[in-house]
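# Geometric and topological summary
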Amino acid sequence: MRISGWQVTLAALSGVYGQEAYSPPKYPSPWANGEGDWAIAYQKAVQFVSQLNLAEKVNLTTGTGWQLGQCVGETGSVPRLNFRGLCLQDGPLGIRFADYISAFPAGINVGATWDRKLSYLRGKAMGEESRDKGIDVLLGPSAGPLGRFPDGGRNWEGYSPDPVLSGILMAETIKGIQDEGIIATAKHYLLNEQEQFRQGSEDGFEVADAISANVDDKTLHELYLWPFADAVRAGVVSIMCSYNQINNSYGCGNSYLLNYVLKEELGFQGFVMSDWGAHHSGVGSAMAGLDMSMPGDITFDSGTSFWGTNLTVAVLNGTVPQWRVDDMAVRILSTFYKVGRDQVQIPVNFDSWTRDTEGPLHFVVNETWTKINDHVDVRRDHAKIARQVAAASAVLLKNVDGALPLTGKERFVGVFGEDAGSNPLGPNGCPDRGCDNGTLAMGWGSGTADFPYLITPEQAIGAEVVKNGGVFAAITSGGAIKESKDVARQADTCLVFGNADSGEGYISVDGNGGDRNNLTLWQNAEAIIDAVASECNNTIVVLHSVGPVVVEDWVEHPNITAVLWAGLPGQESGNALVDVLYGKVNPGGKTPFTWGKSRKDWGNEIVRTPNNGAGAPQDNFSDGIFIDYRHFDQADLTPRWEFGFGLSYTTFKFSDLTVEPINAPPYTPTQGHTKHAPTFGRTDGKPSDFVFPEDEIRRIPLFVYPYLNSTDLEESANDPDYGLPTEDYVPEGALDSSPQPLHPAGGAPGGNPRLYDPVARVSVTVTNTGNVAGDEVPQVYVSLGGPDDAPKVLRGFDRITLQPGESKRWTVELTRRDVSNWDVASQNWVVTEHPKRVFVGNSSRNLPLQAPLNLSIQ
Ligand code: NOJ
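Reading the values: the criteria
- Residues numbered from 1 in each chain as written.
- Predicted model: local features only at pLDDT ≥ 70, side-chain atom pairs only at ≥ 80, totals over all residues.
- Heavy atoms only, no water.
- UniProt positions renumbered as here; feature names shortened; annotations may be inferred.
- Disulfide = S-S within 2.5 Å.
- Helix = DSSP H or I, 4+ residues; strand = E, 2+ residues; numbered from the N terminus.
- Buried < 20%, exposed > 50% of the residue type's maximum accessible area, 1.4 Å probe, protein only.
- Pairing = 2+ DSSP bridges.
- Axes fitted to C-alpha atoms, helices over the stretch in contact; angles between N-to-C directions.
- Core = buried A, V, L, I, M, F, W, Y, C linked by side-chain atoms within 4.5 Å.
- Contact = heavy atoms within 4.5 Å.
- Lys, Arg positive; Asp, Glu negative; His and termini not counted.
- Salt bridge = Lys/Arg side-chain N within 4 Å of Asp/Glu carboxyl O.
- Polar contact = N/O pair within 3.5 Å; in protein donor to acceptor, adjacent residues only side chain to side chain.

An unreviewed UniProt entry lists the protein chain under the name beta-glucosidase, from Paecilomyces sp. 'thermophila'. Heading Catalytic activity (unreviewed entry) of the UniProt record for the protein chain holds this comment: "Hydrolysis of terminal, non-reducing beta-D-glucosyl residues with release of beta-D-glucose." In UniProt, the protein chain has this text filed under Sequence similarities (unreviewed entry): "Belongs to the glycosyl hydrolase 3 family."

Now the structure itself:
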């Protein structure tokens, strides 16, 4: 077994590559201390870990290898104490690789609801389903990518490029999942904004390393880190570090981001797991703050690991201090107790790699045949919540003269476009949804789930029209221009469907290698829209897309009377759409991203070809905090539809804005020191104690174990670098176990508690001025006033239901963080002297009310 480079050099650890962006080294790795509401869980974890020997501790930190267990990731177990190991399973919209589960609307749809409660309920439903399948760790939700690029492949797994909308909704999903006793994972930490080069070489381009997202500290804090701070504050217990490099240091070995920002500043008490194959060093990543290696092997099914045996070796030969491994184990176990996994844990009753009832427990080596799928139906009535989220997330973008809602009296309804129909291969016909056949209800990649069924628009609308006594024809071939025109000429109502897909980089669809190649519609939809609109003067366009598409060529066509964005609505797609089209649900969704008029309006670009020779591609985040609407506002560009926009079947009025300062205690930078790094349980142990117990365990090929292969540590490690002087690969300060100074912006999970003090109260009256009940989303934006600030940033919102004529007074409290900027020099948040303003309305460009934001705080 050859473990090449598990001891990486200091230069690589800290990212010193010539003059390129640099990630400052930050050591030692902070040890958990049970702060915030972690005290009880921490104590229980300490008690458990204190009973473990070194190999048992290591076993908790390292996955058993790709496809060597039933879940997408599994940690080792501690059979002696009846600890079975953890089952980790994707993903952000439901359980991947399982039957009888729900396929919920994607994260981007939750973003479009602007609804905390629905985000919570969807999370709770996913938690319940996970629990019943025997899953311990659900690999979601996602706020990374945040959505810097409109064409970024995985934006749809998360909520919005706005950090506040994203952070608030992500926190609710986390609470929902964890309230059901499941460990939620906030991912991908951090700056995994594009798929291309996320792991290095791509599309025939050979590069030495993964792309480096080069970001400054202010942008980091004010934009990309923000939702993760919310996640930590909401109690998320696990975080997945990302594939890419950040300032030329790998996400899962980046001491600045893991040790300093996440664990010290944000006070994260849970564990950091690597993305699958994002682990690149042994000692280096352990010192940089990684706590769990997933799936455990260096490359899938190599049988080798940076940790496992090698972590045991590293502790025995004194390279990695025991306290660091103890901290990893305590962090992992604390999360187990924190969410209550010790109260309810049922055996894993599904298998990721086959839907057959019987099969191999260790799939990739075809070993240990047994019953592996119980086909447990875990769905309950979750179809209701799936339908509710899908309907609540529909965004009405255009509606001329009340074209929508439909009345049910339409005589002839035509449905057009491939996106209205079903996939001829079945809803799950393409692995991980890696094709765009038929209607689009989720993107592709690991963030998918198998549909238990997929109600297509064609099915649901057809049933509704027939029920109403109408005539119905659906043409779902993207090539059927003539046939579409013929039917469009006869129909009084024409619904045209178009979609645009994207996904994760390991699958390429139609030449789109994860990220989209452009912002056009797929499936020849533009031609179908043109064809139908040329014949039918009531053409309603419905879009299923992973993000914005450019609509300029057709949107102003006089025959196009309405446009509705339905996003990625999941299994209940057609039903939810009928709810909205026929006015059973009044659309209240708001677009969670900006729709520009051309791709270049966004001002930034995905790095698609190597730009650093054979070295790691460099992506300088020179757009800073100016992404999405912040950029459009700053560059004074008129979008087609602005962030936060969405029509309703009724109308609303905003009035009587008041903004009052709230007295809050002064901001006090956190001071003091941590305790000394604790160790738990045995500190002794010699190599012979940890040699593979051949008499007790049958060795499964390729399985990753914590045991030594020989009492000779060098032979056991089988590392060509073994014996290098430790100064070459153990970063300075990494072994320091003495009390460490506290971070001034730290002090509790989520950061300094004073950041969350309310400092201003904004109130406004919202009135439903139309004839039907509906939901409105009041949005509060703040201008922080400085020369480097965006014209305005979203800081508060809510979704409220109003009957016709009804008024409600709505209030939101702004926190100190909401009115602060990150100050790089003091490494803290500051409220600047610049005059600030508050804007209120129902989109980022319709803000009829504004007032100065006077503060009475220090
Ligand atoms: C890689 C993806 O980036 C991550 O989101 C996922 O959870 C893992 N694979 C496991 O499937």
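This is not the end of the story, as more comes after the structure.
### Description of the state of the cysteines
For the structure on display, the rule yields 4 disulfides. The disulfide that involves C241 links it to C252, with 2.1 Å between the sulfurs. Between C241 and C252 the disulfide shows an S-S torsion of about 115 degrees. By sign, it is right-handed. Linking C241 in strand 6 (residues 238-241) with C252 in the loop between strand 8 (249-250) and helix 9 (255-265), this pair joins segments that are 11 residues apart in sequence. Taking the relative accessible area as the measure of exposure, C241 reaches 0% and is therefore buried. On the basis of relative accessible area, C252 is assigned to the buried category, the value being 1%. Note on cysteine connectivity: C494 is disulfide-linked to C536, with sulfurs 2.2 Å apart. In this structure the cystine formed by C494 and C536 twists about its S-S bond by roughly 105 degrees; its chirality is therefore right-handed. Linking C494 in strand 15 (residues 493-500) with C536 in the loop between helix 16 (525-535) and strand 16 (539-545), this pair joins segments that are 42 residues apart in sequence. Judged by relative accessible area, which is 1%, C536 ranks as buried.

### Looking at the sheet that holds strand 19 (residues 652-661)
Reading across the sheet, the 3 strands line up as 19-20-25 and stay open at both edges, with antiparallel pairing between neighbours. Bordering the open sheet on either side are strand 19 and strand 25 (807-815), each of which pairs with just one other strand. Strand-to-strand twist across the sheet, computed as the mean angle between neighbouring axes with direction ignored, equals 20 degrees. Alignment of strand 20 (residues 758-768) against strand 25, held across 9 bridges, turns out to be antiparallel. Its bridge partner lying in strand 25, S763 is registered against T811.

### Digging into the nonpolar core
Counting 144 residues, the largest nonpolar core has Y189, M273 and W276 as the members making the most contacts within it. It is helix 12 (residues 322-338) that contributes the most residues to this core, 8 residues altogether. Apart from the residues within four sequence positions on either side, Y189 is in contact with L225, F228, I239, M240, C241, S242, L257, L258, V261 and L262. By size, the runner-up hydrophobic cluster in this structure holds 59 residues, among which are W156, A449, V541 and W641.

### Topic: the side chain of K398
Looking at the element boundaries, K398 is found in strand 12 (residues 395-399). One buried charged residue, K398, remains without a salt bridge, the closest side chain of opposite sign being E556 at 5.9 Å. From its side chain, K398 meets the backbone oxygen of V555 in a polar contact 2.6 Å long. Setting aside residues no more than four positions away along its own chain, K398 makes contact with V555, E556, H557, I560, T561, A562, V563 and L647.

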